[in-house]
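Chain by chain, the residues:
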Amino acid sequence: MRVIAGTARSLPLKTPPGSETRPTTDRIKETLFNILQADIPGCVFADLFSGSGGIGIEALSRGAAKAYFVDYSPAAISCIQQNLAFTKTADRAIVLRQDVCSSLGSISEKEVDIIFMDPPYGQEYEKSVLTMLGGMRYVTENTLIIIEASLKTDFSGLEETGFCMVRDKQYKTNRHVFIRKI
């Protein structure tokens, strides 16, 4: 796994040991950031269920002004901090070792431009996190939320959380669901 583009281009990233995290492959990460490229420079980015921090670091490398990294695992937090130091992006990062739902109140921004989350598959974290995000003042109609999910994840009740799907990019094994506030 590596940084695809920007100031940290081609630098390798560590991943937490074990099988608790599923790092986004370079090919899928490149496709995602090709979609987001115009929105990244100067943005405030949140990487929820961060794992290695690869998505948030990619955003920082491509010019995001600030990125929040949230994970509960001590191994993931250590990995994120090492990757931030190695890529020289730590000065624009805020790392929160918290449960994702608990962490949402710790984000102190007027507006977060992009929120990316890659929760464990099959545990239905998406709905509870979206319900919490719906009440956060930094989530506006301009905020883009992207969820990396399995192809089987059901998003049919999305409107109940106050959000709607604006794009569904499917790959062979997973998908990116793009969501905005209604």
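Higher on the page you've got the structure.
This report concerns the structure included in the present document. (Residues numbered from 1 in each chain as written. Predicted model: local features only at pLDDT ≥ 70, side-chain atom pairs only at ≥ 80, totals over all residues. Heavy atoms only, no water.)

Approximately 520 Å³ is the volume attributed to the largest pocket. In terms of lining residues, the largest pocket is bounded by 26 residues, among which F49, G51, D71, D118 and P120 are the most central. When contributions to the lining of the largest pocket are tallied by element, the ones reaching two or more residues are α2 (54-61) and α4 (100-103). A breakdown of the residues in the lining of the largest pocket according to their chemical character gives eleven nonpolar, eight polar and seven charged. The calculated volume of the second largest pocket comes to roughly 320 Å³. Lining the second largest pocket are 15 residues, and of these E124, E126, K127, T153 and D154 sit closest to its centre. By residue number, the principal contributor to the lining of the second largest pocket is helix α5 (residues 125-133), which donates three residues. Among the residues forming the lining of the second largest pocket, the class breakdown is three nonpolar, seven polar and five charged. (1 Å grid on protein atoms, 1.4 Å probe; cavity = no way out; pocket = protein on both sides within 12 Å on 5 of 7 lines; lining within 4 Å. Points joined across faces, edges and corners; volume = space filled by probe spheres on them. Helix = DSSP H or I, 4+ residues; strand = E, 2+ residues; numbered from the N terminus. Nonpolar A, V, L, I, M, F, W, Y, C, P; charged D, E, K, R; others polar.)

On to the sheet that holds strand β1 (residues 44-48). As summarised here, the arrangement of the seven strands in space is β3-β2-β1-β4-β5-β7-β6, forming an open sheet in which the pairing is mixed. Across the chains shown, the open sheet's two edge strands, defined by having one partner strand only, are β3 (93-97) and β6 (163-170). Mean inter-strand twist for the sheet, computed between neighbouring axes without regard to direction, equals 20°. Pairing of strand β4 (residues 114-117) with strand β5 (residues 144-150), which is carried by four bridges, proceeds in the parallel orientation. If you follow M117 over to β5, its bridge partner there is I147. (Pairing = 2+ DSSP bridges. Axes fitted to C-alpha atoms, helices over the stretch in contact; angles between N-to-C directions.)

Attention shifts here to helix α1 (residues 26-36). Looking at α1, one finds that the buried residues are I28, K29, L32, F33 and L36. Down the axis of α1, the smallest arc covering the buried residues is 130°, so these residues share one side. Contacts made by the buried residues of α1 are with β1, α2, β4, β5 and β7 (174-181). (Buried < 20%, exposed > 50% of the residue type's maximum accessible area, 1.4 Å probe, protein only. Arc of directions from axis to C-beta. Contact = heavy atoms within 4.5 Å.)

Applying the stated criterion to the full structure yields six salt bridges. Between D26 and R2 there is a salt bridge, and its shortest N-O distance comes to 3.4 Å. Of this pair, D26 sits in helix α1 while R2 sits in the segment before α1, and the two are 24 residues apart along the sequence. Relative accessible area serves as the criterion here: at 22%, D26 is assigned to the partly exposed category. Note that E160 and K127 form a salt bridge whose closest N and O atoms lie 3.3 Å from each other. Here E160, found in the loop between β5 and β6, pairs with K127, found in helix α5; they are 33 residues apart in sequence, far enough to count as distant. Taken together, the shared-partner salt bridges in this structure form one network comprising K29, E58 and R62. (Salt bridge = Lys/Arg side-chain N within 4 Å of Asp/Glu carboxyl O.)

Counting residues in each nonpolar core, the largest one holds 27 residues, and the members touching the most others are L48, I115, M117, L130, L133, Y138 and I145. Every element with two or more residues in this core is listed here: β1, β2 (66-71), β4, α5, β5 and β7. If you look at the next biggest cluster of nonpolar residues, it comprises 25 residues, including F45, L60, F69 and I77. (Core = buried A, V, L, I, M, F, W, Y, C linked by side-chain atoms within 4.5 Å.)

Let us look at the side chain of T153. Mapped onto the secondary structure, T153 falls in the loop between β5 and β6. The exposure class assigned to T153 is buried, which follows from its relative accessible area of 15%. One polar contact links T153 to S150, side chain to side chain, over a distance of 3.1 Å. Not counting chain neighbours up to four residues away, the residues in contact with T153 comprise E126 and R175. (Polar contact = N/O pair within 3.5 Å; in protein donor to acceptor, adjacent residues only side chain to side chain.)

Here we take up the environment of E111. Note on placement: E111 falls in the loop between α4 and β4. Separated by 28 residues in sequence, E111 and V139 have C-alpha atoms that sit 6.2 Å apart. Not counting chain neighbours up to four residues away, the residues in contact with E111 comprise V44, Y138, T140, N142 and T143. Here T140 takes part through its side chain, which lies 2.4 Å from a polar atom of the side chain of E111.

These values are about where atoms sit, not about what they do.
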